[in-house]
Amino acid sequence: MKTKALLLIVSFSVLFSSSLFAENEETSKGLTIERSISNPAEFQFPNDEQIFPDKSDFSIKNYILLSNEEGDRWVTVTLKNNSSGNRIFDNDQIMALFANGKRLQPQKKTLRFEGKETQTFAINFGRSKFPILAVYTKD
């Protein structure tokens, strides 16, 4: 009987401590809002590789930059479908400019939009030691 009680206590302790570890791990990876630039400047990084987002009917209404200590880079973006017809947003239609001049598309994302519809959603630009300076489309 004592053995079963001791085993139960040890099992509970291991379970409790591992859940605390998982909670701390989740907390350390939490995203925070980056300080925004009130009057974003025109950045003049060279684009020798001619990297641009695909042409689309989408325009960015606003966005919020998010990151964590590990360097994960996310953006919560509000996009508008400027067409009167239905459109599909694809990750190739948006791009981020990083503080080192690098341009990247987000990880795979596809969304359906009704004509003239506006949606807000989060997209992941991966991990970088450099922050995102701007997010843009090519309309």
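Every value quoted in this text rests on a predicted model; they were computed, and no experiment measured them. Here, residues in each chain are numbered from 1, in the same order as that chain's written sequence. Where local features are concerned, this predicted model is filtered to residues with pLDDT of at least 70; where side-chain atom pairs are given and counted, the filter is 80 or more; whole-chain, interface and lining totals use all residues. Only hydrogens and water are set aside when side-chain values are computed; all heavy atoms of the structure are taken into account.

Caption draft 1: The overall build of the protein chain, seen in detail. To qualify as a helix, a DSSP run of H or I must reach at least 4 residues; to qualify as a strand, a run of E must reach at least 2; elements of each kind are numbered from the N terminus. For the protein chain, the count of helices and strands is one helix and nine strands. Secondary structure elements of the protein chain occur, N-terminal to C-terminal, as α-β-β-β-β-β-β-β-β-β. Whether a residue is buried, partly exposed or exposed follows from its accessible area with a 1.4 Å probe, protein chains only, as a fraction of its type maximum: under 20%, in between, or over 50%, in that order. Across the 139 residues of the protein chain, 32% fall into the buried class. Note on contacts: a residue pair is in contact if any heavy atoms of the two residues lie within 4.5 Å. In the protein chain, the proportion of contacts linking residues at least 24 apart, taken out of those at least 6 apart, comes to 71%. Every accessible area reported is derived by Shrake-Rupley at a probe size of 1.4 Å, with residue values counting cover from the shown protein chains alone. Of the roughly 9500 Å² of accessible surface on the protein chain, a fraction of 55% belongs to carbon and sulfur atoms.

Caption draft 2: The sheet that holds strand β9 (residues 132-136), seen in detail. Strand pairing is defined by DSSP finding a minimum of two bridges between the two strands. If you trace the three strands from one edge of the open sheet to the other, you get β6-β5-β9, paired in antiparallel fashion. The open sheet terminates on both sides in strands that have one partner only, identified here as β6 (103-104) and β9.

Caption draft 3: Summary view of the nonpolar core. For this analysis, a nonpolar core means a set of buried residues of the types Ala, Val, Leu, Ile, Met, Phe, Trp, Tyr and Cys, connected via side-chain atoms within 4.5 Å. The biggest cluster of nonpolar side chains holds 16 residues, and the ones touching the most others in it are V75, F89, F121 and I132. Those elements that place two or more of their residues in this core are β2 (58-67), β3 (72-81), β5 (95-98), β7 (110-113), β8 (118-127) and β9. Residues in contact with V75, not counting those within four places in the same chain, are Y63, I64, L65, F121, A122, I123, F125, I132 and V135.

Caption draft 4: Spatial organisation of the packing of aromatic side chains. Each Phe, Tyr or Trp ring (for Trp, its six-membered ring) is paired with any other whose centre lies within 6.5 Å, and the angle between the two planes then decides the class: stacked below 30 degrees, edge-to-face above 60, tilted in between. Inspection of every chain in the model, using the stated rule, returns four aromatic pairs. Note on F43 and F45: the rings are 6.4 Å apart at their centroids and 25° apart in plane angle, and the pair reads as stacked. A relative accessible area of 30% means that F43 is categorised as partly exposed. Three or more aromatic residues link up through ring pairs in this structure, and these residues are F58, F89, F113 and F121. A cation over a ring is seen here: K138 above F52, with NZ or CZ 5.4 Å from the ring centre. In this scheme, the term charge over a ring applies when either NZ of a lysine or CZ of an arginine sits within 6 Å of the ring centre and within 35 degrees of the ring normal.

Caption draft 5: Unusual backbone geometry, seen in detail. For Q50, which is not glycine, the phi dihedral falls at a positive 50°. By the element assignment, Q50 lies in the loop between β1 (32-33) and β2. Exposure remark for Q50: the relative accessible area of 53% places this residue in the exposed category.

Caption draft 6: Highlighting the pattern of salt bridges. Basic side-chain nitrogens of Lys or Arg form a salt bridge, by our definition, when they fall within 4 Å of a carboxyl oxygen of Asp or Glu. Inspection of the entire model under this criterion finds four salt bridges. The partner of R73 in a salt bridge is E34, and the shortest N-O contact between them spans 3.0 Å. Of this pair, R73 sits in strand β3 while E34 is found in the loop between β1 and β2, placing the two residues 39 residues apart along the sequence. For R87, the salt bridge goes to D57, with nearest N and O atoms at 2.6 Å. Within this pair, whereas R87 is found in strand β4 (residues 87-90), its partner D57 is found in the loop between β1 and β2, the two being separated by 30 residues in sequence.

Caption draft 7: Spotlight on the side chain of R73. Owing to a relative accessible area of 8%, R73 belongs among the buried residues under this scheme. Polar side-chain contacts of R73 include one of 3.0 Å to the backbone oxygen of S128. Polar contacts, as used here, are pairs of N or O atoms within 3.5 Å; protein pairs need one atom able to donate a hydrogen and one able to accept it. Residues neighboring in sequence count only if both atoms are side-chain atoms.

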